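Results of the structural survey
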Amino acid sequence: MWQSYLNGMLVAFGLIMAIGAQNAFVLAQSLRREHHLPVAALCIVCDALLVAAGVFGLATVLAHNPTLLAIARWGGAVFLLWYGAKALRSACSKQSLQHQQGQGMRSRRAVLLSALAVTLLNPHVYLDTVLLIGSLGAQQTVPGAYVAGAASASLLWFSTLAIGAAWLAPWLARPATWRMLDLMVAVMMFAVAAQLIFS
């Protein structure tokens, strides 16, 4: 049981720590202190559900249905291009974290819907979390412990990211730093979208 748990935790950590669309979104929300804890909680729950779905059968369904994967691929690419363009526009404007906060905080519902879109419209979620982590988990002696291990990795990572970035926000609030973050987010979104389009 513990071996399956540790396998799930290590595999999930290896994939989740790579900077991607979801991590960039959580980081940006945490620096803004804009509903960052609910966003982190949503990402944790989504990851746990997707891993469980992959381990207990969805990985097999997706692997045998190229139409579903194509829909996820192109829909995700369009969304990532739009989000990247939005971040690039923000990076090109004169702004700082305080300036953005002065514009008023978005509603929790709007932020959580954006987080859900970044999580579920990104095809890498299905390729990595469902197919890769899920298919490995299906081979474990105790699949449930593997899912718990993967969920623990997600809990530790997103909690650390949300709390740590919010704590660093006062030091990262300079306009140049914030533009650099927006530029990083834009490059990340464009890179993932290009990878989807040209792979």
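Since we're looking at a predicted model, the values are computed, not measured.

Time to look at the nonpolar core. Grouped together as the largest cluster of nonpolar side chains are 30 residues, with contacts concentrated most on Val 39, Leu 80, Tyr 83, Phe 158 and Val 185. Of all the secondary structure elements, the ones that give two or more residues to this core are helix 2 (21–32), helix 3 (36–63), helix 4 (66–92), helix 6 (108–120), helix 8 (143–168) and helix 9 (175–198). In terms of residue count, the dominant contributor to this core is helix 9 (six residues). If you look at the next biggest cluster of nonpolar residues, it comprises nine residues, including Met 9, Ala 12, Val 147 and Ala 150.

On the UniProt side, "transmembrane region" (unreviewed entry) is annotated at positions that read residues 6–27, 39–62, 68–88, 109–126, 146–168 and 180–198 here. Taken end to end, residues 109–126 is 89% helix and 0% strand, and its two terminal C-alpha atoms sit 24 Å from one another. Taken end to end, residues 146–168 is 100% helix and 0% strand, and its two terminal C-alpha atoms sit 33 Å from one another.

This part is about the pattern of salt bridges. For the structure shown, the criterion picks out one salt bridge. We note a salt bridge from Glu 34 to Arg 106, for which the minimum N-O separation is 3.3 Å. You can see Glu 34 sitting in the loop between helix 2 and helix 3 and its partner Arg 106 sitting in the loop between helix 5 (97–102) and helix 6, a full 72 residues away along the chain. Note on Glu 34: relative accessible area 6%, which makes it buried. A residue is classified by how much of its surface remains accessible, and Arg 106, at 28% relative accessible area, is partly exposed.

The next subject is the environment of Phe 25. With respect to the helices and strands, the residue Phe 25 is situated in helix 2. Given the relative accessible area of 2%, Phe 25 is considered buried. Along the backbone, Phe 25 and Val 118 are 93 residues apart, and their C-alpha atoms lie at a distance of 7.5 Å. Sequence-distant contacts of Phe 25, that is, excluding residues within four places in its chain, are made with Val 39, Tyr 83, Val 111, Ser 114, Ala 115 and Val 118.

Attention now moves to the side chain of Ser 30. Mapping Ser 30 onto the fold places it in helix 2. Polar side-chain contacts of Ser 30 include one of 3.5 Å to the backbone oxygen of Ala 162.

A few words on the packing of aromatic side chains. In total, this model carries one aromatic pair according to the counting rule given. Arranged with centres 5.7 Å apart and planes meeting at 75°, the rings of Trp 2 and Tyr 5 form a pair that is edge-to-face. Placement of the pair is Trp 2 and Tyr 5 together in helix 1 (residues 2–16), with a separation of three residues, close to one helical turn. For Trp 2, a relative accessible area of 59% gives the class exposed.

This brings us to the packing of helix 1 against helix 8. To characterise two packed helices, one gives the angle between the axes of the helices and the distance between these axes. Their axes nearest at 6 Å, the elements helix 1 and helix 8 cross at an angle of 40°. Here helix 1 lies oblique to helix 8, going by the angle between them. Relative to helix 8, helix 1 is oriented so that their crossing is right-handed. The segment helix 1 lies against helix 8, with Ser 4, Tyr 5, Asn 7, Gly 8, Met 9, Val 11, Ala 12, Phe 13 and Ile 16 engaging Ala 145, Tyr 146, Ala 148, Gly 149, Ala 150, Ser 152, Ala 153, Ser 154, Leu 156, Trp 157 and Phe 158. By residue class, the composition of the contact of helix 1 with helix 8 is 14 nonpolar, six polar and no charged.

Conventions used here
- Residues numbered from 1 in each chain as written.
- Predicted model: local features only at pLDDT ≥ 70, side-chain atom pairs only at ≥ 80, totals over all residues.
- Heavy atoms only, no water.
- Core = buried A, V, L, I, M, F, W, Y, C linked by side-chain atoms within 4.5 Å.
- Buried < 20%, exposed > 50% of the residue type's maximum accessible area, 1.4 Å probe, protein only.
- Helix = DSSP H or I, 4+ residues; strand = E, 2+ residues; numbered from the N terminus.
- UniProt positions renumbered as here; feature names shortened; annotations may be inferred.
- Salt bridge = Lys/Arg side-chain N within 4 Å of Asp/Glu carboxyl O.
- Contact = heavy atoms within 4.5 Å.
- Polar contact = N/O pair within 3.5 Å; in protein donor to acceptor, adjacent residues only side chain to side chain.
- Phe/Tyr/Trp six-rings, centres within 6.5 Å; stacked < 30°, edge-to-face > 60°.
- Axes fitted to C-alpha atoms, helices over the stretch in contact; angles between N-to-C directions.
- Parallel < 35°, antiparallel > 145°, perpendicular 65-115°, else oblique.
- Left-handed = near helix turned anticlockwise from the far one by under 90°.
- Nonpolar A, V, L, I, M, F, W, Y, C, P; charged D, E, K, R; others polar.

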